[in-house]
Amino acid sequence: MNGEELVDAVRETEATALERLGKEKALIATTDASLERADVLRAAGAAEARARATFEAWAADEPDDTAREAFEAVAETEADHLDRVETLLGASIADPEPDPLHEFLAGLDSTPERVGAGLVARPLAAERTLLQVVNFFINEADNAAADEFRAIRSETQATVETGAEVLDVVCGPDADWVVAQKAAEDAIGTAYDDYAETLTGMGLDPKPVC
């Protein structure tokens, strides 16, 4: 296996979860059904802040040079994303508590697991939700915000490519690829379970209406 093949495998096995994470209900789940401009921005900023904190923590104790440099770079990207969201909001966003996804990520110790879950799975899930943020601002006729989130989404998607490249460096034996893929699939599963449980708690069906 190589990095690109792992990404393709994760996209295939988690296709349903990723599709649902990209539906209109994503914003209802992340904003607690408060679809106001400021609340959408705060939810988007909180997601960036959580990612920044995760990658900063990993960079601080990662023994592999290639992975550590990637974690540092992504932490800087997430910090930049947060700054851009705060500019749109016109206010600072307080550091949020970790959500279930980032609690899961925090419990990963091995480099292949971290790369698979953090550099592949997390951006695969995040870019789906960011699509709905873009759509929200298109519907609000806020072209500047929509363009900003298009750029943030594109940069998030690029992290998946970085993850594939880093996996090619840090994974050796087949066992490394197995744990990396499992961690990636479990991360997306955790994000989807949180989404589904949140919507169910609101009395909404997380499954799309056909």
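A short tour of the structure in this document, coming up. A quick note: this is a predicted structure, and the numbers were derived from the prediction, not measured.

A word on the overall build of the protein chain
Along the backbone of the protein chain there are nine helices and zero strands. The N-to-C order of helical and strand elements in the protein chain reads α-α-α-α-α-α-α-α-α. Compactness check: the protein chain gives a C-alpha radius of gyration of 16 Å against a globular reference of 17 Å for 210 residues, within 12% of the reference. If you line up the protein chain on its principal axes, its C-alpha atoms span 50 × 35 × 25 Å. Out of the 210 residues in the protein chain, the part that is buried amounts to 47%.

Some thoughts on the side chain of Arg20
Tracing the sequence through the fold places Arg20 in helix 2 (residues 15-21). The side chain of Arg20 sits in the buried core without any salt bridge; Glu19 is the nearest counter-charge, 6.2 Å away. Side-chain polar atoms of Arg20 contact the side chain of Tyr192, separated by 2.9 Å.

Notes on the nonpolar core
Grouped burial of nonpolar side chains is what soluble globular proteins tend to show. Membership of the largest hydrophobic core comes to 44 residues, with the highest contact counts inside it found for Phe55, Phe71, Val115, Leu119 and Leu167. With 11 residues, the single largest contributor to this core is helix 9 (residues 174-201). Aside from chain neighbours lying at most four places away, what touches Val115 is Ala67, Phe71, Val120, Gly163, Val166, Leu167 and Val170.

Regarding the pattern of salt bridges
Scanning the model with the defined rule gives 14 salt bridges in all. Asp65 is paired through a salt bridge with Arg68; the nearest N and O atoms lie 2.8 Å apart. Here Asp65 pairs with Arg68, and both are found in helix 5 (residues 65-89), just three residues apart, close to one helical turn. Residue classification places Asp65 among the partly exposed residues on the basis of a relative accessible area of 46%. Among the ionic contacts, a cluster of salt bridges with common partners joins Asp80, Arg84, Glu148 and Glu155.

Here's the deal with the packing of aromatic side chains
Enumeration according to the criterion identifies six aromatic pairs in this entry. An angle of 85° between the planes, with centres 5.0 Å apart, marks the rings of Phe136 and Phe137 as edge-to-face. Judged by its relative accessible area of 0%, Phe137 is buried. The interplanar angle of 5° and the centroid separation of 5.6 Å between the aromatic rings of Phe137 and Phe149 together place this pair among those described as stacked. Pair noted here: Phe137 is in helix 7 (residues 111-139) and Phe149 is in helix 8 (residues 143-170), with a separation of 12 residues, a long-range link.

A short note on the side chain of Thr31
For Thr31, the position within the fold is in the loop between helix 3 (25-30) and helix 4 (37-61). Among the polar contacts listed, one links the side chain of Thr31 to the backbone oxygen of Leu27, at a separation of 2.6 Å. Each residue touching Thr31, except ones within four places of it in the same chain, is listed here: Asp39, Val40 and Ala43.

A look at a negative patch on the surface
Taken together, Glu4, Glu5, Asp8, Glu12, Glu161, Glu165 and Asp168 make up a surface patch of like negative charges. For the negative patch, the secondary structure elements donating two or more residues are helix 1 (3-13) and helix 8. Here the element with the most residues in the negative patch is helix 1; it accounts for four residues. Relative to the helices and strands, Glu161 resides in helix 8. On the basis of relative accessible area, Glu161 is assigned to the exposed category, the value being 55%.

Let's talk about the environment of Ala196
Tracing the sequence through the fold places Ala196 in helix 9. The class for Ala196 is buried, based on a relative accessible area of 13%. Put simply, Ala196 and Val10 are 186 residues apart on the chain and 19 Å apart in space, counted from C-alpha to C-alpha.

Digging into helix 7
An ideal rise of 1.5 Å per residue puts 42 Å on 29 residues; helix 7 measures up with 41 Å between its terminal C-alpha atoms. Of all 29 residues in helix 7, 21 are buried, a share of seventy percent or more. Of the residues one or two after helix 7, Ala141 is the one with positive phi, at around 60°.

Quick word on the packing of helix 7 against helix 8
Interaxial distance between helix 7 and helix 8 falls to 8 Å at its minimum, and their mutual angle equals 165°. With respect to helix 8, the axis of helix 7 lies roughly antiparallel. Regarding helix 7 and helix 8, the two cross each other, and that crossing is left-handed.

What counts and how
Residues numbered from 1 in each chain as written. Predicted model: local features only at pLDDT ≥ 70, side-chain atom pairs only at ≥ 80, totals over all residues. Heavy atoms only, no water. Helix = DSSP H or I, 4+ residues; strand = E, 2+ residues; numbered from the N terminus. Rg over C-alpha atoms; globule rule 2.2 N^0.38 Å. Buried < 20%, exposed > 50% of the residue type's maximum accessible area, 1.4 Å probe, protein only. Lys, Arg positive; Asp, Glu negative; His and termini not counted. Salt bridge = Lys/Arg side-chain N within 4 Å of Asp/Glu carboxyl O. Polar contact = N/O pair within 3.5 Å; in protein donor to acceptor, adjacent residues only side chain to side chain. Core = buried A, V, L, I, M, F, W, Y, C linked by side-chain atoms within 4.5 Å. Contact = heavy atoms within 4.5 Å. Phe/Tyr/Trp six-rings, centres within 6.5 Å; stacked < 30°, edge-to-face > 60°. Patch = residues over 30% accessible without salt bridge, like charges linked within 9 Å, V, L, I, M, F, W, Y side chains within 5 Å. Areas by Shrake-Rupley, 256 points an atom, 1.4 Å probe, with all protein chains shown as cover. Charge placed at Lys NZ, Arg CZ, Asp CG, Glu CD. Expected span 1.5 Å × (residues − 1). Axes fitted to C-alpha atoms, helices over the stretch in contact; angles between N-to-C directions. Parallel < 35°, antiparallel > 145°, perpendicular 65-115°, else oblique. Left-handed = near helix turned anticlockwise from the far one by under 90°.

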